[in-house]
Structure formats: C-alpha cells, structure tokens
Amino acid sequence: MKGKTHMIIGAAAGAAVASYYSTETGIMLICSSIFGALVPDIDHPKSKINQKILPIKNKVFRMIVYLLLGLALIYVNAKSGIKGFRLLGCILIITSLSHHRGFTHSLLGFIFFSTAIYVLLNQYGFVGVYIGFSIGYFSHLIADFITNGGIELFYPWKKNMSFPITIKTGGIGENIVLIIASIYFVYKFQFLIVFQFLIGKV
C-alpha cells in the first residue's frame, strides 16, 4: 500500500488503543504508531521516510546510508553503553542488505525492531511510544499482507505470502480502506479527547 494509507491505518490502529491511556500518553501513542507504520518501508529508496532521509533515492545509496547508520550506532553503543543502539545498528545493517518487502516486512523484522525500541525507551519510561510503534509496525505488515504483492512473512524464507483475497496497491480497494480508516481514526480521536476531558484527565 501507499505511504499515506499506511499512515492513516497506523493512526487508526493507535487510536483504537489510545483511549485506555491518558490524553498525553494517547497522543504520543498515536504519533509513534504513525511512525511505526512507515518504518517497514525503509527498505524502499522512494518510501515516505527515505524521501526525507536520502538525498539520492536509489537502491545503492539506500544500502550505503543504512549500512553507515548501522555501523555508527554500534560505535555509539561501544562508546556510550546506551542500551539498544547495538541491536538497532545490527538491524539497520540487515535492512541495508535486504530487498523491498523482505526482512522489514517479516515477523522477524517486527520482533527485532520492536525489541530494539523497547530496550531503548523502556529505561526512560516511554511505554506509550513502544506500544504505539509496535502497533503501527504490525498494522503495516497486515496492510501489505492483503495486497496482491504480498510480503515475505517468514523471512529469511524467500516466499511471498498474501491473504487469499487481495487488493491492488493504489487501486479502488486501497482507497476504500483509506476512507474507512480515516473515518474510524477521526471518531476514535474525538472520543479520546472528549472522554478524557469528561473524566478529568485533560
């Protein structure tokens, strides 16, 4: 699916859970869910995130940038001892060498990225960010799983898998999903604000 669809689905998925938390944590959860929903596509040089990161948007440059970022994080971990940087660095190195809808679109990628975020943020008490990121990331996998391209769900097994009934990326089916997710997000977000105000959490 397209980046904007992933963003809205991630926001809707985050909003579905956000009402169980305070307004501040809920909004943080939704924002991190949107970010998490975009992360799996860092394996594509022209994704929404890479549009901001990569000055040259091709596969070779993407590989070089993420390889260097990974090595830099491992170095920072060795110098500072900050937990999670070494794991995240290793993940980015794997990502730099993987293809689109491979490692980052798999259950293995989800576990690795979520664990790295948890290790990095849990020590500072940002539980909402970790929960939101994980929800958004997983929503991306589900969304691409129902497209006709499928994903390598059980990477490193290089077998694209998809739901029996699929939709075309950028087609009418995706537009319908986008509209439904947008309506649901607006409803849940308004409910979050109003409900939290009524119970005095704002």
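Residues numbered from 1 in each chain as written. Predicted model: local features only at pLDDT ≥ 70, side-chain atom pairs only at ≥ 80, totals over all residues. Heavy atoms only, no water.

Focus on the overall build of the chain
Just so we agree on the cut-off: Every helix listed is a DSSP run of H or I at least four residues long, and every strand listed is a run of E at least two residues long, numbered separately from the N terminus. Computation of the radius of gyration draws on C-alpha atoms alone. For the globule rule, the value is 2.2 Å times the number of residues to the power 0.38. Each residue is assigned to one of three classes by its accessible area relative to the maximum for its type, calculated with a 1.4 Å probe on protein chains only: buried under 20%, partly exposed between the two thresholds, exposed over 50%. Between two residues, a contact is recorded if the distance between any of their heavy atoms is within 4.5 Å. Accessible surface is estimated by sampling points in the Shrake-Rupley manner with a 1.4 Å probe; for residues, cover comes only from the protein chains shown.
Along the chain, the regular secondary structure elements total eight helices and zero strands. When the helices and strands of the chain are placed in sequence order, the string is α-α-α-α-α-α-α-α. Compactness check: the chain gives a C-alpha radius of gyration of 17 Å against a globular reference of 17 Å for 202 residues, within 12% of the reference. In terms of overall dimensions, the chain has C-alpha extents of about 50 × 45 × 30 Å along its principal axes. In the chain, buried positions account for 44% of the 202 residues. Looking at the chain alone, contacts between residues at least 24 apart form 60% of all its contacts between residues at least 6 apart. Per element, the accessible surface of the chain, about 10,600 Å² overall, is 72% carbon and sulfur.

Looking at the packing of aromatic side chains
For clarity, the threshold we go by: Only Phe, Tyr and Trp rings are paired, with Trp represented by its six-membered ring, and only when their centres lie within 6.5 Å; those with planes under 30 degrees apart are stacked, over 60 edge-to-face, the remainder tilted.
Evaluation of the coordinates by the stated rule reveals 11 aromatic pairs. A ring pair is formed by Phe 35 and Phe 133, whose centres lie 6.1 Å apart and whose planes are at 40°; its orientation type is tilted. Pair noted here: Phe 35 is in helix α2 (residues 23–38) and Phe 133 is in helix α7 (residues 127–145), with a separation of 98 residues, a long-range link. A centroid spacing of 5.0 Å and a plane angle of 65° characterise the contact between Tyr 118 and Tyr 130, whose relative ring orientation is edge-to-face. A residue pair is termed long-range when its members are at least 10 positions apart, and Tyr 118 in helix α6 (residues 107–122) and Tyr 130 in helix α7 qualify at 12 residues.

Considering a positive patch on the surface
Put simply, the rule reads: Patches here are clusters of residues that have more than 30% relative accessible area and form no salt bridge, with a 9 Å joining cutoff for like charges and a 5 Å cutoff for nonpolar side chains (Val, Leu, Ile, Met, Phe, Trp, Tyr). The term salt bridge refers to a pairing of a side-chain nitrogen on Lys or Arg with a carboxyl oxygen on Asp or Glu at a separation within 4 Å. Counted as positive: Lys and Arg. Counted as negative: Asp and Glu, with His and the chain ends omitted from the count. Charge positions come from single atoms, namely NZ of Lys, CZ of Arg, CG of Asp or CD of Glu.
On the surface, Lys 2, Lys 4, Lys 48 and Lys 52 cluster together into a patch of positive charge. Checked against the element boundaries, Lys 52 lands in helix α3 (residues 48–53).

Some thoughts on the environment of Tyr 20
Mapped onto the secondary structure, Tyr 20 falls in the loop between α1 (3–18) and α2. Along the chain, Tyr 20 and Ile 56 lie 36 residues apart, while their C-alpha atoms are 42 Å from each other.

Quick look at the packing of helix α5 (residues 85–97) against α6
Condition: A fitted line through C-alpha atoms represents every axis, and for helices the fit uses only the stretch in contact; the resulting angles, taken between N-to-C directions, go from 0 to 180 degrees. Should an angle fall under 35 degrees it is taken as roughly parallel, and over 145 as roughly antiparallel, whereas 65 to 115 is taken as roughly perpendicular and any remaining angle as oblique. Crossing handedness: left-handed means the near helix sits turned counterclockwise from the far one by under a right angle, and right-handed means the same turn made clockwise. Note on residue classes: Ala, Val, Leu, Ile, Met, Phe, Trp, Tyr, Cys and Pro are nonpolar, Asp, Glu, Lys and Arg are charged, and everything else, Gly too, is polar.
Axis separation between α5 and α6 bottoms out at 9 Å; the angle between their running directions is 155°. Put simply, α5 runs roughly antiparallel to α6. As for how α5 packs across α6, the hand of that crossing is left-handed. For the pair α5 and α6, contact is made by Phe 85, Leu 87, Leu 88, Ile 91, Ile 94 and Thr 95 and by Phe 112, Phe 113, Thr 115, Ala 116 and Leu 120, respectively. Split into classes, the residues belonging to the contact of α5 with α6 amount to nine nonpolar, two polar and no charged.

Thoughts on a nonpolar patch on the surface
Where nonpolar side chains cluster on the molecular surface, the patch consists of Val 60, Met 63, Ile 64, Leu 67, Leu 68, Leu 71 and Leu 97 and spans about 620 Å² of accessible area. A total of six residues in the nonpolar patch trace back to one element, the largest contributor, which is helix α4 (residues 59–80). Taking the relative accessible area as the measure of exposure, Leu 71 reaches 45% and is therefore partly exposed.

Describing the pattern of salt bridges
Pairing between side chains becomes possible if they bear opposite charge and their charged atoms approach one another. Taken as a whole, this structure holds one salt bridge when the rule is applied. With its nearest N and O atoms 3.4 Å apart, the salt bridge here joins Arg 101 to Asp 144. Pair noted here: Arg 101 is in the loop between α5 and α6 and Asp 144 is in helix α7, with a separation of 43 residues, a long-range link. You can call Arg 101 buried: its relative accessible area is 12%. Overall, the relative accessible area of 1% leaves Asp 144 in the buried class.

With respect to the confidence of the model for the chain
The cut-off we apply is this: One confidence number per residue, pLDDT, is output by the predictor and ranges from 0 to 100.
Looking at the chain, the pLDDT average stands at 90 and 94% of residues meet or exceed 70. The secondary-structure element of the chain with the lowest mean pLDDT is helix α8 (residues 172–198), recorded at 83, while α5 shows the highest, at 95.

Let's talk about α1
Selection criterion: Helices are assigned an expected span. That span is 1.5 Å times one less than the residue count.
Compared with the 22 Å implied by 1.5 Å per residue over 16 residues, the 22 Å span of α1 between its first and last C-alpha is a close match. Among all positions of α1, only Gly 3, Thr 5, His 6, Ile 9, Gly 10, Ala 11, Ala 12, Gly 14, Ala 15 and Ala 18 are buried.

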